Amino acid sequence: MSLLSFRKTKEPAETTVNPQLEAFLQDYSIEVMPRTAEKVDDFRALLPAGTRVYIAHIEGTPIDDMVATAKRLSTDGYKVMPHFPARIIKDEATLGDWIARYQGEAGVDQALLLAGGVSQPHGDYHSSMQLLESGLFDKAGFKRLHVAGHPEGNRDIDKDGTDSHVMDALRWKQRFNDTTDADMALATQFAFEAKPIIAWADAIKDAGVTLPIHIGIAGPAKLQTMIKFAIACGVGPSLKVLQKRAKDVSKLLLPFEPTEVLTKLAAHTAANPDFNITNVHFFPLGGIKTNANWAIAHGGASAVPASQS
């Protein structure tokens with residue numbers, strides 16, 4: 001059985017909606033960047049009303065572009081969650097300014113706090129825990145704060161391949177959850193296999209980390225594109241799976257979809273109502289429209305665009 005479903009058609013075909021998958025996709029979220037958002041004429045024609053839209057802050061992206069994208073999405077009725085990458089934030093004054101601008105100009109009251117992809121900090125911060133400790137998000141009355149999760153570990157943090165430092169950080173964030181008024185959750189890096197994802201989710205729960213998990217899933221994309229992003233993001237075990245599949249040259253250029261991994265996760269969730277994965281978060285590596293159309297084809301009532309509801 002293949003890991004992920006492949007097909008040659010570019011547009012969504014008629015699909016019989018799996019009720020478990022439909023339920024699992026309820027309140028899914030998606031990630032954009034200012035430059036990818038510019039390519040979308042009308043988000044309301046693609047995303048359900050009230051969808052949480054993360055805005056990735058890549059090194060070098062001006063804060064003006066980030067805030068403008070947040071304002072556009074907020075005006076369209078979406079829940080905007082910008083990234084706050086600690087290592088590109090110079091100091092507390094910069095952090096406070098970003099919070100104030102998002103809040104004042106775009107009505108933002110939620111954020112994803114993460115270390116960020118750069119190796120050397122640009123200033124005073126190097127971890128999401130320092131951003132939480134600043135107290136500025138609570139002071140501003142942010143209602144939701146998400147932090148990063150890594151189903152396949154994080155070599156930047158645990159260079160020896162274990163998960164000891166990552167787990168210590170998760171326990172710290174769990175304790176912080178008890179002190180903040182904001183709702184917290186883990187938003188994870190993407191992965192491709194259901195079984196390891198389920199094992200990781202169970203393991204952190206057993207370790208006392210009970211934060212809800214919003215599991216990162218790569219949206220439909222060419223296999224070559226997926227391999228490129230997997231390498232860039234350090235997705236280890238999943239990369240091996242992709243490389244094995246890439247040996248079949250006939251499939252190398254075909255788009256692939258996350259249908260199988262999500263169907264398995266949905267079935268596990270239906271059989272285990274206390275499962276700690278509560279939401280799906282899409283990385284639209286093949287494009288926002290492509291990802292949204294896949295969700296529309298498979299998500300039934302959970303994916304009806306705002307313009308059609």
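Each value, and the rule that gives it
- Residues numbered from 1 in each chain as written.
- Predicted model: local features only at pLDDT ≥ 70, side-chain atom pairs only at ≥ 80, totals over all residues.
- Heavy atoms only, no water.
- Core = buried A, V, L, I, M, F, W, Y, C linked by side-chain atoms within 4.5 Å.
- Buried < 20%, exposed > 50% of the residue type's maximum accessible area, 1.4 Å probe, protein only.
- Helix = DSSP H or I, 4+ residues; strand = E, 2+ residues; numbered from the N terminus.
- Contact = heavy atoms within 4.5 Å.
- Expected span 1.5 Å × (residues − 1).
- Arc of directions from axis to C-beta.
- Salt bridge = Lys/Arg side-chain N within 4 Å of Asp/Glu carboxyl O.
- Pairing = 2+ DSSP bridges.
- Axes fitted to C-alpha atoms, helices over the stretch in contact; angles between N-to-C directions.
- Polar contact = N/O pair within 3.5 Å; in protein donor to acceptor, adjacent residues only side chain to side chain.

**Q** Which parts of the structure should I look at to understand the nonpolar core?
**A** General note: in soluble globular proteins, nonpolar side chains tend to be found buried as a group. Phe84, Phe137, Leu262 and Leu265 are the most contacted members of the largest nonpolar core, which has 75 residues in total. Top contributing element to this core by residue count: helix α8 (residues 194-206), with six residues. With near-sequence residues (within four places) excluded, Phe137 lies in contact with Phe84, Leu95, Ile99, Ala111, Leu113, Leu131, Phe142 and Leu145.

**Q** Could you clarify how one ought to interpret helix α4 (residues 92-106) in this entry?
**A** An ideal rise of 1.5 Å per residue puts 21 Å on 15 residues; α4 measures up with 21 Å between its terminal C-alpha atoms. Among all positions of α4, only Leu95, Trp98, Ile99, Tyr102 and Ala106 are buried. One face of α4 carries all of its buried residues, which in axial projection span an arc of 95 degrees. Facing away from the buried side of α4 by over 90 degrees, the exposed positions are Ala93 and Gly104. The inward-facing, buried residues of α4 contact α3 (63-75), β4 (79-85), α5 (128-133) and α6 (136-139). Among the residues trailing α4, Gly107 stands out with phi positive, at a value near 65 degrees.

**Q** Looking at this structure, I do not really get the pattern of salt bridges. What am I missing?
**A** For side chains bearing opposite charge, pairing can occur when the charged atoms are close. Using the criterion set out here, one finds seven salt bridges in the structure. Of the charged contacts, one joins Glu260 and Lys264 as a salt bridge, the two residues approaching to 3.2 Å between their closest N and O atoms. You can see Glu260 and its partner Lys264 sitting in helix α11 (residues 259-271), four residues apart, about one turn around the helix. On the basis of relative accessibility, which here comes to 12%, the residue Glu260 falls in the buried class. Take Lys264: its relative accessible area is 41%, and that puts it in the partly exposed class. Each of the salt bridges in this network shares a partner with another, and the network as a whole consists of Asp64, Arg101 and Glu105.

**Q** For this particular structure, what's the right way to read the sheet that holds strand β6 (residues 144-149)?
**A** Backbone hydrogen bonds are what pair the strands of a sheet, in a parallel or an antiparallel way. Ordered by their spatial adjacency, eight strands build a closed barrel running β2-β3-β4-β5-β6-β7-β8-β11, and the pairing between neighbours is parallel. When strand polarity is set aside, the average angle formed by the axes of neighbouring strands in this sheet is 30 degrees. Of the strands in this sheet, β6, β7 (183-190), β8 (213-218) and β11 (277-283) are in contact with α8, which crosses β8 at around 160 degrees.

**Q** Sorry if this is basic, but what is going on with the pairing of β6 here?
**A** Looking along a regular strand, one sees side chains alternate from face to face of the sheet. Of all six residues in β6, six are buried, a share of seventy percent or more. As paired elements, strand β5 (residues 110-114) and β6 share four bridges and run parallel to each other. Its bridge partner being in β6, Gln110 is matched across the sheet by Arg144. For β6 and β7, the ladder comprises six bridges, and the chain directions are parallel. Residue pairing for β7: Val147 is matched across the bridge by Leu186.

**Q** I'm lost on unusual backbone geometry in this one. Help?
**A** Even without glycine at this site, Asp27 takes up a positive phi of about 60 degrees. With respect to the helices, strands and loops of the structure, Asp27 is situated in the loop between α1 (19-24) and β2 (29-32).

**Q** Looking at this structure, how should I read the side chain of Thr180?
**A** Mapped onto the elements of the fold, Thr180 is located in the loop between α7 (164-177) and β7. Accessibility expressed as a relative area gives 9% for Thr180, which makes it buried. In terms of polar contacts, Thr180 uses its side chain to reach the side chain of Asp138, at 2.6 Å. A polar contact of 3.1 Å, which involves the side chain of Thr180, links it to the backbone nitrogen of Ala182. For Thr180, the residues in contact, after removing those within four places along its chain, are Asp138 and Leu145.

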